[in-house]
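Structure at a glance
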Amino acid sequence: MANFEGRKKEVIAIIGGGISGLLACKYCISKGFDPILFESKSSIGGVWTKTIGSTKLQTPKPVYQFSDFPWPDSVNQVFPDQQMVLEYIESYARHFDLFSHIHFNSKVLSLNFEDGGSGDGEWNLWGEAYSYSNKGKWNVTVQDTRAISPQIQIYQVDFVVVCVGRFSQVPNMPEFPQNKGPEVFEGEVVHSMDYSMMDSSTATNFVKGKQVAVVGFQKSGMDIAMECSTVNGVERPCTVLIRTPHWNLPDYFPWGLNLGYLFLNRFSELMVHKPGEGFLLSLLATILSPLRWAFTKYIESYIKHKHQLAKHGMVPEHSFLNELSSCSVSLVPEGFYERVEEGSIKLIKKAESFGFSKEGIVLEGHATEPIKSDLVILATGFNGLDYLKHIFESKKYQEFVAGSDDSAAVPLYRECIHPRIPQLAIIGFSESVSNLHTSEIRCRWLGELLDGKFKLPSIKVMEKEIAEWDKYKKRYSYNKYYRRSCIGALHIWYNDQLCKDMGWNPKRKNGFWAEWFQPYGPMDYIG
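A short tour of the structure in this document, coming up. Going along each chain's sequence as written, the residues are numbered from 1 onward. For this predicted model, a pLDDT threshold of at least 70 governs which residues receive local features, and a threshold of 80 or more governs which side-chain atom pairs are given and counted, while totals over whole chains, interfaces and linings are taken from all residues. Side-chain figures throughout are based on the complete set of non-hydrogen atoms in the structure, without hydrogens or water.

1. Digging into the environment of Leu111
Runs of H or I in DSSP of at least four residues are treated as helices and runs of E of at least two as strands, each being numbered from the N terminus. Here Leu111 is to be found in strand β4 (residues 106-114). Each C-alpha atom of the pair Leu111 and Ser40 lies 15 Å from the other, and the pair is 71 residues apart in sequence. We call two residues in contact when some of their heavy atoms are within 4.5 Å. Non-local contacts of Leu111, meaning those with residues more than four positions away in its chain, are made with Ile15, Trp138, Asn139, Val140, Val160, Val162, Ile391, Phe392, Glu393 and Leu424.

Structure follows, in structure tokens:
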């Protein structure tokens, strides 16, 4: 069994100053370690540092908060905006004195493990008797981004926590046939990442007076379309290209009932087949499947009614449970479909593939004129896996992290540890319904592991559990989003496993009704 007990002098490196990195830093400090956090930018906050000005929190404030640092009373909005969220994160870092551990403007270029002679990629000690007297070391190559000429420094550390996240670093760029890419377009093409880096006035001037087309219908695509329609109105409507319609929520109270009572409590999870559930729970999930179907249809009927999806031709082919299980549910910006009605936003559905002409966008398989545009914004997401994979110098480790085509994108035990990569954790890459809450309990779990409070099972057992979770993801995720590593519809079952590892009571409520029917959130895991 891997044992980290009694190693307070061991050096821990944390990569990334977003939510997960700050939490990892805080809980390493709480266990007596002195971590070094490398942040490539000049400030903390991750995706909240620079984002679209109109962006608001996607989950209600009580669900998105640190368990030991509640939101201040001065923030009375249910969905705080970007600036409020960033200030809250910065207050957390100041309160727990995290800034003294952060190296800003320090970009980690690569990680290389010196294994003491056991062979590259041949790690098999997580589940064996393991002494840190003969452990390996990670070489962390870091570049000072402030220097005019590259200044490189190599840090040697005992353990690495990678917190780079899925939604930064590498934009996901579509591939185009020859002579149909942006190079033939006479207008301008940017990724939503570039747009989000602009301040509000710059972004306004950037789109003002232009025919704008937005490619993508997730959160950033909708936010950008709203901002463009506000600036240009019906005179120059913003065109949104949609490949896949989604069950995006108008609010969290379908027909007046809190969504948490339908999908985010223990009872709701009884209706879902779970990894390692056993015969009785499997039978119960099968018996309750009609109720699961009814809950799903209840939500879908509300969304269809509120947004008039049938009228707009926007009814998804997959279920709301698939959407939740893929962590692809978003809140629709207030007034979005009203803008569609008035004509300042135009929706182009089933835009499976597209290319460019001189004048604008050409939809493949559509006998239509090009969508004339001056500016195209690609809200096509990020390829975080590419960045995560290539941070490792070892080709073997790159292959381990990437996973195979028929398995989870990043095969991690407890969504934190790769069984074949030594002395390293990956936090925040796997998503949930509330990423802050999930990252916090993962970092608490990691802190207890590093402190020797529990031991990991054998590599064989870890890989078996990863395969069980992979089956769950295949079963419930919408196919296009299966590789997102999401635990959305089973966050309580997942938290229970972490609690049991740490020796905590996984049942956190008082009373039968509360335990089974009330939604679970961060404040249930205080102490």
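2. Topic: the state of the cysteines
Two cysteine sulfurs form a disulfide in these notes if their separation is within 2.5 Å. This structure, assessed with the given rule, holds one disulfide. The partner cysteine of Cys327 in its disulfide is Cys486, sulfur to sulfur 2.0 Å. Torsion about the S-S bond of the Cys327 and Cys486 cystine: about 70 degrees, corresponding to right-handed handedness. Of this pair, Cys327 sits in the loop between α11 (320-325) and α12 (336-342) while Cys486 sits in the loop between α16 (459-476) and α17 (491-502), and the two are 159 residues apart along the sequence. Take Cys327 and Cys486: they sit in the same class, and that class is buried. Of all cysteine sulfurs, the one in Cys28 lies closest to Cys25, which takes part in no disulfide; the gap is 7.2 Å. Residue Cys228 stays outside any disulfide, its sulfur separated by 4.5 Å from that of Cys238, the closest cysteine. You can call Cys228 buried: its relative accessible area is 1%. Only protein chains enter the accessibility calculation, which uses a 1.4 Å probe; a residue is then buried when its area is under 20% of its type maximum, exposed when over 50%, and partly exposed in between.

3. Here's the deal with the nonpolar core
In globular proteins that are soluble, nonpolar side chains generally tend to be buried together. Nonpolar cores are built from buried Ala, Val, Leu, Ile, Met, Phe, Trp, Tyr and Cys residues. Side-chain atoms within 4.5 Å join them into one set. Val161, Phe263, Phe336 and Trp445 are the most contacted members of the largest nonpolar core, which has 110 residues in total. Those residues within four positions of Phe263 in sequence are excluded, and the remaining contacts are Ser268, Phe295, Thr296, Ile299, Phe320, Leu321 and Leu324. Ranked by size, the runner-up nonpolar core spans 30 residues in total, among them Val157, Val162, Tyr387 and Val401.

4. Remarks on the packing of helix α1 (residues 19-30) against helix α15 (residues 435-450)
To describe two helices that pack against each other, one gives the angle between their axes and the distance between the axes. Here, axes are lines fitted to C-alpha atoms. For helices the fit covers the stretch in contact, and angles between N-to-C directions go from 0 to 180 degrees. Two elements in contact, α1 and α15, have axes separated by 9 Å at closest approach and are oriented at 35 degrees. Note on packing geometry: the crossing formed by α1 with α15 is right-handed. Across from Ile19, Ser20, Leu23, Ala24, Tyr27 and Cys28 in α1, the residues of α15 making contact are Leu436, Ser439, Glu440, Cys443, Arg444 and Leu450. Residues that form the contact of α1 with α15 fall into these classes: eight nonpolar, two polar and two charged. Note: crossing handedness is left-handed where the near helix turns anticlockwise from the far helix by less than a right angle, and right-handed where it turns clockwise. Polar here means any residue outside two lists: the nonpolar Ala, Val, Leu, Ile, Met, Phe, Trp, Tyr, Cys and Pro, and the charged Asp, Glu, Lys and Arg; Gly therefore counts as polar.

5. Things to note about the packing of aromatic side chains
Any pair of Phe, Tyr and Trp rings, taking the six-membered ring for Trp, is counted once the centres come within 6.5 Å. Such a pair is stacked with planes under 30 degrees apart, edge-to-face with planes over 60 apart, and tilted for the rest. A complete count under the given rule lists 31 aromatic pairs for this structure. Following the ring pairs from residue to residue traces out a cluster consisting of Phe66, Phe69, Trp71, Tyr88, Tyr92 and Phe96. Geometry around Phe96 places Lys26 over its ring, the cationic atom sitting 4.7 Å from the centre. Definition used: whenever NZ (Lys) or CZ (Arg) falls within 6 Å of the ring centre and also within 35 degrees of the ring normal, the charge is taken to sit over that ring.

6. Here's the deal with helix α9 (residues 289-307)
What a helix should span is 1.5 Å times the count of its residues minus one. In this model α9 runs 27 Å from its N-terminal to its C-terminal C-alpha over 19 residues, within 8% of the 27 Å that 1.5 Å per residue would give. Those residues of α9 that sit buried are Arg292, Phe295, Thr296, Ile299, Glu300, Tyr302, Ile303 and His307. In an axial view of α9, the angular spread of the buried residues amounts to 155 degrees, which keeps them on one side of the axis. Residues of α9 that are exposed and point more than 90 degrees away from the buried face comprise Pro290, Trp293 and His305. Contact partners of the buried residues in α9: α6 (260-263), α8 (278-287), α10 (309-312), α11, α12 and α16. Of the residues trailing α9, Gln308 is marked for its positive phi of about 50 degrees. Here the arc refers to the directions that run from the helix axis out to each C-beta atom.

7. Thoughts on the pairing of strand β6 (residues 151-157)
In regular strands, side chains alternate between the two faces of the sheet. Note on pairing: two strands pair once DSSP finds at least 2 bridges between them. Sheet topology places strand β5 (residues 137-144) next to β6; seven bridges connect them, and they run antiparallel. Within β6, the position partnered with Val140 by the bridge is Tyr155. Hairpin connection from β5 to β6: six residues lie between these consecutive antiparallel strands.

8. Quick notes on the sheet that holds strand β8 (residues 188-191)
Taken together, five strands build an open sheet; the order of strands is β8-β15-β9-β10-β11 and the sheet is parallel. The strands lining the two open edges of the sheet, one partner per strand, are β8 and β11 (345-348). The average angle at which neighbouring strand axes cross in this sheet is 20 degrees, direction not considered. The pairing of strand β9 (residues 212-215) with strand β10 (residues 238-241) spans three bridges and is classified as parallel.

Take it as geometry only, folks, not as evidence of what the structure does.
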